[in-house]
Amino acid sequence: MEITDLSPGSSYSFRVSAVNRFGTGLPSQPSPYFKIPDAAPSKAPEQVSEMYGSVGTLSFTWTELNPEDLTGINTGYKLFWRKKTGNDDRWQKDVVYGHINRYVALIGVENYFLEYEIKVGAFNNLGDGPNSTVFTVMSAEDIPLATPHNVWGQDYNSTAIHVFWDPVQNTREDMKGKLRGFRILCWYDGVPNELYWSYLWCENCVEAIFIGLKPDSSFWVNVQVFNSAGFGPKGEDAYMTTFIYPIRRYPEYVKVASHGPDSVYVEWRGVASGKHEEDLQGYKVNGKYLLLTIAE
């Protein structure tokens, strides 16, 4: 009989069993090992994807072939890349030797954040294997130039501020890559070396709430964009404050009385704002519905 689809360069041992209508008999003793002759690769990497890299590079990785699919000597991979759009459709190429699955091509700093087509194939001393499907990856990003302007804000409560800024230009030339979000920097007035920051992961945001601040304090705030390469220039510094402390006392002697079939009358002893507390604006009444079931 003929056995097919064996891996070149691999060694196999065989056992044989007899079969009849009652079942399968005991297997024979193992045969000596037979080595299948080496051959050129017959498979290609299944996946190619981008890696993070510095500006001016095209960094990508691929799924390495299993050892049984890449045998022989002088094994490696042949690599092809080109811009996805452009007048020149010629492939740039290189080879790497050994069991490796990543590569960095130098393409020039002017070619930041562009689509490139990539294909990868394996080879050994007996020949080249097939190339992979053509995959599209992005070249490395550059530091963004876009700057948030007209930064301003207002106190949100005693420990948070509400920060606003104008929309930024989200173009390739301004952002030098994909806009990942914004970083809000904050420092207390007179303490510029003690920075606090918060990240906002969004593309179209024009406002944020910065929390965890001290009551009755003054701050300076600025905003900057970021992509995978780093942070852009800081916007102008904006001066902001938080409210003073909230009212720390609570109403006492709360009384509830029936006020009809669908309402109640609530009465309590009020409070007044103290020193270093915001003025009292009113009261909020919270209620909970409770269903009682009385057994007969």
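As the structure is a prediction and not an experimental result, all values here were calculated from the model. (Residues numbered from 1 in each chain as written. Predicted model: local features only at pLDDT ≥ 70, side-chain atom pairs only at ≥ 80, totals over all residues. Heavy atoms only, no water.)

### Here we look at the packing of aromatic side chains
What characterises a pair of aromatic rings is the spacing of the ring centres plus the angle enclosed by the ring planes.
Part 1 of the argument: Within this structure, the stated rule accounts for 16 aromatic pairs.
Part 2 of the argument: Each ring, one from Trp152 and one from Phe164, has its centre 4.4 Å from the other, and the planes form 15°; the classification is stacked. A residue pair is termed long-range when its members are at least 10 positions apart, and Trp152 in strand β13 (residues 152–157) and Phe164 in strand β14 (residues 160–164) qualify at twelve residues.
Part 3 of the argument: Judged by its relative accessible area of 45%, Trp152 is partly exposed. (Phe/Tyr/Trp six-rings, centres within 6.5 Å; stacked < 30°, edge-to-face > 60°. Helix = DSSP H or I, 4+ residues; strand = E, 2+ residues; numbered from the N terminus. Buried < 20%, exposed > 50% of the residue type's maximum accessible area, 1.4 Å probe, protein only.)

### So, the pattern of salt bridges
Part 1 of the argument: The full count for this structure, using the stated rule, is five salt bridges.
Part 2 of the argument: Lys43 is paired through a salt bridge with Asp69; the nearest N and O atoms lie 3.6 Å apart. With Lys43 in the loop between β4 (34–35) and β5 (48–50) and Asp69 in the loop between β6 (57–62) and β7 (76–83), the pair connects residues that are 26 residues apart, well separated along the chain.
Part 3 of the argument: Between Glu203 and Lys178 there is a salt bridge, with its nearest N and O atoms 2.7 Å apart. Linking Glu203 in the loop between β16 (195–200) and β17 (207–210) with Lys178 in the loop between α1 (172–175) and β15 (181–188), this pair joins segments that are 25 residues apart in sequence.
Part 4 of the argument: With relative accessibility at 35%, the residue Glu203 sits in the partly exposed group. (Salt bridge = Lys/Arg side-chain N within 4 Å of Asp/Glu carboxyl O.)

### Things to note about the nonpolar core
Part 1 of the argument: Of all hydrophobic cores here, the largest spans 22 residues; its most connected members are Val163, Trp165 and Phe182.
Part 2 of the argument: Of all elements in the fold, only β14, β15, β17, β18 (218–227) and β20 (238–241) reach the threshold of two or more residues within this core.
Part 3 of the argument: Counting 19 residues, the second largest nonpolar core, distinct from the first, contains Val48, Leu65, Tyr103 and Ala122. (Core = buried A, V, L, I, M, F, W, Y, C linked by side-chain atoms within 4.5 Å.)

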